[in-house]
Amino acid sequence: MSRFWSPVVHGLTPYVPGEQPKLANLVKLNTNENPYPPSPRVLDAIRAELGDDADRLKLYPDPTGSQLKAAVARHFGVPADWVFVGNSSDEVLAHTFQALLKHDAPLLFPDITYSFYPVYCGLYGIAFEAIPLDADFAIRIDDYLARGAANVGGVIFPNPNAPTGRLLALADVARLAAALPDAPIVIDEAYVDFGGLDAIPTAAGLVRQHPNLLVTQTLSKSRSLAGLRVGFAIGQPELIEALTRVKDSFNSYPLDRLAIVGASAALDDEAWFEQTRRQVIASRETLAGGLAELGFEVLPSAANFVFARHPQRDAAALAAQLRERSIIVRHFKAARIDQFLRITVGTDVQCGLLLAALKDILG
Ligand SMILES: *Cc1c(COP(=O)(O)O)cnc(C)c1O
């Protein structure tokens, strides 16, 4: 506390990111990064943008990121003015909270979900209500509709949800958006690319029928670019304009030159994307099977992580014992989930090391 702080700062409870330890030979399965490198075309594009003398870095980047918007629009088959781009999807989400989710009626999101949501509510002074997941940790749309349309200022949740990994059917997303036509519905699809082998269950195709629906995604997970910080949103121009108004009241140039060209190249390399996401999905199934064999209860995951608990072992103790073996997973000290571990899907070698360590720990 300090007398120099603005009153709002006194009241903040900031988000705590998973740790990024600077240790060698760590099996790092705690922050849902992709174990594979990004498309080689990303590096080519960044090198080309830098040139021999990085002369272009003296110039501001395109404030609208139009090259990246065009790449997103191509990928999803939507017009470019249905796309918003930002410096990470966390930034896109922050603008979304301020631009679309602050109303008199409370914002609704699950009791167990991305822990940044209540942080943004605190930052922007947004009233919210947490709706409990059902006993199987699934989102139940009827619980949201039961609040009555007049009592819903907006709805946001990740799909697949975090940290559970559970996927809600697209038909339920459509039903929610249709039943609350006057409330912005935001689907945070950070993990959606791991949600299906042959078809990706994104709600991006639903935004044409639903003017209240906004879909956000990130290049941090399925595109292996957590270090570049790029995210985007897709929705009808009315929603996109709200985000642009906030962005242009905050930072005119959120994406630097290297991020714009690198992210565009990643979106254009479909073959690399398909190969790596399929490998992660295959490894996830092997990992889930291996955990089940060790006695873990594993929630069905549509993401690049699994959420699992062992009926006889304390989760925090397990996480600490793994840490002694240089394997880091994520444990949340939160109601209902404090006996779960969230384990990122690594390479098959990393998953094998995790399973061997657990086998050893369990005896
Ligand atoms: C990782 C994650 C994000 C943030 O992605 P960035 O683009 O890296 O900021 C947003 N939502 C959820 C649910 C996530 O897990």
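All values derive from a computational prediction rather than experimental measurement. (Residues numbered from 1 in each chain as written. Predicted model: local features only at pLDDT ≥ 70, side-chain atom pairs only at ≥ 80, totals over all residues. Heavy atoms only, no water.)

Engineer: Any chance you could break down helix H7 (residues 170–179) for me, citing the residues and the numbers?
Structural biologist: Within H7, the full set of buried residues consists of Val 173, Ala 174, Leu 176 and Ala 177. In a view along the axis of H7, the buried residues occupy a sector of 160°, so they form one face of it. (Buried < 20%, exposed > 50% of the residue type's maximum accessible area, 1.4 Å probe, protein only. Helix = DSSP H or I, 4+ residues; strand = E, 2+ residues; numbered from the N terminus. Arc of directions from axis to C-beta.)

Engineer: Outline the nonpolar core, listing residues and values.
Structural biologist: Soluble globular proteins tend to bury their nonpolar side chains together. Ranked by size, the top nonpolar core spans 57 residues in total, and within it Leu 68, Val 155 and Leu 213 carry the most contacts. Examining the composition of this core, we find that seven residues originate from one element, helix H9 (residues 257–268), more than from any other. Counting only domains with at least three residues in this core, you end up with domain 1 (7–38 + 271–362) and domain 2 (40–269). The contact partners of Leu 68, leaving out residues within four places of it in the chain, are Val 85, Val 230, Leu 255, Ile 260, Ala 263, Ser 264 and Leu 267. Counting residues in hydrophobic clusters, the runner-up holds 33 residues, among them Leu 29, Ile 281, Leu 318 and Cys 351. (Core = buried A, V, L, I, M, F, W, Y, C linked by side-chain atoms within 4.5 Å. Domains from an automatic or database assignment. Contact = heavy atoms within 4.5 Å.)

Engineer: Provide a residue-level description of the domain arrangement of the protein chain, including the pertinent values.
Structural biologist: Interfaces are often described in size by the accessible area the parts lose on coming together. When the domains of the protein chain are assigned, the result is domain 1 (7–38 + 271–362) and domain 2 (40–269). With centres defined by C-alpha atoms, the gap from domain 1 to domain 2 works out at 23 Å. The interface is formed by 35 residues belonging to domain 1 together with 39 residues belonging to domain 2. Both faces considered, domain 1 and domain 2 share a buried interface measuring about 3000 Å² in area, 64% of it formed by carbon and sulfur atoms. Summed over the three residues of domain 1 that lose the most area to domain 2, namely Tyr 15, Phe 273 and Arg 336, the buried surface amounts to 25% of that side. Counting every contact that joins domain 1 to domain 2 gives two salt bridges. Here Arg 336 ties to Asp 111 by a salt bridge, and the two come within 2.9 Å at their closest N and O atoms. For the side of domain 1 that touches domain 2, the secondary-structure elements that each account for two or more residues are helix H10 (270–293) and strand E10 (305–309). (Buried area = accessible area lost by both parts, 1.4 Å probe. Salt bridge = Lys/Arg side-chain N within 4 Å of Asp/Glu carboxyl O.)

Engineer: I'd like a description of the packing of aromatic side chains, backed by residues and values.
Structural biologist: In this structure the tally under the stated criterion is 15 aromatic pairs. On the basis of an interplanar angle of 65° and a centroid distance of 5.7 Å, the ring pair of Tyr 15 and Tyr 114 is categorised as edge-to-face. In this pair, Tyr 15 sits in the loop between helix H1 (7–10) and strand E1 (27–28) while Tyr 114 sits in the loop between strand E3 (107–110) and helix H5 (116–124), placing the two residues 99 residues apart along the sequence. Through a chain of ring-to-ring contacts, the aromatic side chains of Tyr 15, Phe 97, Phe 109, Tyr 114, Phe 116, Tyr 117, Tyr 120 and Phe 128 assemble into a single cluster. Lying over the aromatic face of Phe 305, Arg 342 brings its terminal NZ or CZ to 5.7 Å of the ring centre. (Phe/Tyr/Trp six-rings, centres within 6.5 Å; stacked < 30°, edge-to-face > 60°. Lys NZ or Arg CZ within 6 Å of the ring centre and 35° of its normal.)

Engineer: How would you sum up the site of the ligand? Please name residues and give values.
Structural biologist: By nearness alone, 13 residues border the ligand, and Ser 89, Tyr 191, Thr 218, Ser 220 and Lys 221 come closest of all. Between the ligand and Asp 188 there is a distance of 2.8 Å, counted from a nitrogen atom to a side-chain nitrogen or oxygen. If the ligand stood free it would expose 380 Å²; the protein chains cover 93% of that surface. Considering every element that reaches the shell around the ligand, the biggest residue donor is helix H4 (residues 89–100), with three residues. (Near = heavy atom within 4 Å. Polar contact = N/O pair within 3.5 Å; in protein donor to acceptor, adjacent residues only side chain to side chain. Areas by Shrake-Rupley, 256 points an atom, 1.4 Å probe, with all protein chains shown as cover.)

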